[in-house]
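What follows is each chain in one-letter form.
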Amino acid sequence: MSKKKKQRKDKMVQIDVKESQLIYEKDLQTLQIELLKMQNHIKDTGKKLLLIFEGRDAAGKGGMIKRITEHLNPRGARVVALDKPSDTEKTQWYFQRYTSHLPSAGEIVLFDRSWYNRGGVEPVMGFCTPEEHEDFLQSVPKFERMLMNSGILILKFYISVSKDIQQKRFKERKDDPLKHFKISSVDEHAQELWEKYTVAKYSMLLASHTPGTPWTIVRSDNKKAARINCIKHIISHIDYPDKISEDFLKTDDKIVFDGNDEVRYMESKMNIKMD
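Read on for a plain summary of the structure. (Residues numbered from 1 in each chain as written. Predicted model: local features only at pLDDT ≥ 70, side-chain atom pairs only at ≥ 80, totals over all residues. Heavy atoms only, no water.)

1. A short note on the packing of aromatic side chains
Part 1: Tallied over the full model, the rule gives 16 aromatic pairs.
Part 2: Taking 6.0 Å as the distance between ring centres and 55° as the angle between the ring planes, the aromatic pair formed by Tyr-94 and Tyr-98 counts as tilted. In this structure, Tyr-94 and Tyr-98 share a single accessibility class: buried.
Part 3: Ring-pair connections join several aromatic residues into one group, and the members of that group are Trp-93, Tyr-94, Phe-95, Tyr-98, Phe-111, Trp-115, Tyr-116, Phe-136, Phe-143, Tyr-158 and Trp-215.
Part 4: The ring of Phe-248 is capped by Lys-232, whose NZ or CZ atom sits 5.0 Å from the centre of that ring. (Phe/Tyr/Trp six-rings, centres within 6.5 Å; stacked < 30°, edge-to-face > 60°. Buried < 20%, exposed > 50% of the residue type's maximum accessible area, 1.4 Å probe, protein only. Lys NZ or Arg CZ within 6 Å of the ring centre and 35° of its normal.)

Spelled out as structure tokens, the structure:
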């Protein structure tokens, strides 16, 4: 290598960044620091926190979870994203394959999809019988009550995307080589089965939105706003020392709201245009 090349310095390049992006990054960093403080408190006190993320394909569950866990200590925070059940698991009690992944004392566990597969994807795609679906809807509140009584704090999030934005994100997955892994056979039918998924979602929310384990809906057409508001909601439900002011943790009620509100909205619409 010539001396001239060795002495060459990297040039400075000017990049234009939207002000909204800078605000998002600043708020996200602040919230991620709060998540670390929260995690330390959970570890010190032996609490058990379970975060469940459900929603249609391309709703943004994976990106949401990534921002939550990005700076957490992996020794005390785990992401669970199970593949389809094995032949052995198909013969077991439905909830059995999930129980080994539940949080122990001092842990945070995040489910990227969960036992609610049987509340959404499975009945729509024919992966379970109508009887199995009905049994699930009756059993899941009792199952979650047992978990709650054992000391597990459960926060359930339904990440909601509109039909048009879902279609746009599917196209992005097909066009971007780095997102090809996200494309599945289920994705191919998501748009044509939109209304069936809507009916399954309604049945799931109606059966499993309980006082102890309520659903929180997060509108995710704007991914960044969804992430910020979801993290604020999580932090606001855990008390820990040196917590940031409640004013900063206020959420946008057009983005984050109670599952009962979504049920009432769905009941008011015969032909639902929004997930």
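2. A word on the sheet that holds strand β6 (residues 256–258)
Part 1: With respect to topology, 6 strands assemble into an open sheet ordered β2-β3-β1-β4-β5-β6, the strand pairing being mixed. Looking at strand neighbours, the two that pair on one side only are β2 (77–80) and β6, the edges of this open sheet. Averaged over all pairs of adjacent strands, the angle between strand axes in this sheet comes to 25°, irrespective of strand direction.
Part 2: Both β2 and strand β3 (residues 107–112) contribute to a ladder of 4 bridges, which runs parallel. Looking at β3, one finds that Arg-78 is bridged to Val-109.
Part 3: Against the sheet, helix α12 (residues 259–267) touches β4 (152–160), β5 (215–219) and β6, its axis set at about 80° to β6. (Pairing = 2+ DSSP bridges. Helix = DSSP H or I, 4+ residues; strand = E, 2+ residues; numbered from the N terminus. Axes fitted to C-alpha atoms, helices over the stretch in contact; angles between N-to-C directions. Contact = heavy atoms within 4.5 Å.)

3. Here's the deal with the nonpolar core
Part 1: Among the nonpolar cores identified, the biggest contains 33 residues, and Met-38, Leu-51, Phe-53, Phe-157 and Val-218 are the most heavily contacted of them.
Part 2: Within the residue set of this core, elements represented by two or more residues are α2 (19–45), β1 (48–55), α3 (61–69), β3, β4 and α11 (223–236).
Part 3: Setting aside residues up to four positions removed in sequence, Met-38 forms contacts with Leu-49, Ile-108, Ile-234, Ile-235, Ile-238 and Tyr-240. (Core = buried A, V, L, I, M, F, W, Y, C linked by side-chain atoms within 4.5 Å.)

4. Quick notes on the pairing of β4
Part 1: Burial of β4 is extensive: 8 of the 9 residues sit out of reach of the surface.
Part 2: Sheet topology note: the β4/β5 ladder contains 5 bridges and is parallel. Bridge pairing in β5 links Ser-160 to Arg-219.

5. Some remarks on the pairing of β1
Part 1: β1 sits mainly inside the fold: 8 of its 8 residues count as buried.
Part 2: Covered by surrounding structure in β1 are Lys-48, Leu-50, Ile-52 and Glu-54 together with Leu-49, Leu-51, Phe-53 and Gly-55, the residues of both alternating faces.
Part 3: Note: β1 against β3, 6 bridges, orientation parallel. Within β3, the position partnered with Ile-52 by the bridge is Phe-111.

6. Side note on helix α7 (residues 130–149)
Part 1: Between its terminal C-alpha atoms α7 stretches 29 Å, which fits the 28 Å expected from 20 residues at 1.5 Å a residue.
Part 2: Helix geometry: α7 is bent most strongly at Ser-139, by close to 35°, with proline Pro-141 lying one to four residues after it.
Part 3: Among the residues of α7, those classed as buried are His-133, Phe-136, Leu-137, Val-140, Pro-141, Phe-143, Glu-144 and Leu-147.
Part 4: Following α7 by one or two positions, Gly-151 adopts a phi angle in the positive range, close to 100°. (Expected span 1.5 Å × (residues − 1). Bend = angle between axes of the 7 residues up to and from the residue.)

7. A closer look at the pattern of salt bridges
Part 1: Per the counting criterion, the structure on display carries 15 salt bridges.
Part 2: Between Glu-34 and Lys-37 there is a salt bridge, with the nearest N and O atoms lying 2.7 Å from each other. With Glu-34 and Lys-37 both in helix α2 and 3 residues apart, this pair spans about one turn of that helix.
Part 3: Here Lys-37 ties to Asp-242 by a salt bridge, and the two come within 3.8 Å at their closest N and O atoms. Of this pair, Lys-37 sits in helix α2 while Asp-242 sits in the loop between α11 and β6, and the two are 205 residues apart along the sequence.
Part 4: Taking relative accessible area as the criterion, Lys-37 reaches 22% and is therefore assigned partly exposed.
Part 5: Here the salt bridges share partners, and the residues they tie into one network are Glu-34, Lys-37 and Asp-242. (Salt bridge = Lys/Arg side-chain N within 4 Å of Asp/Glu carboxyl O.)

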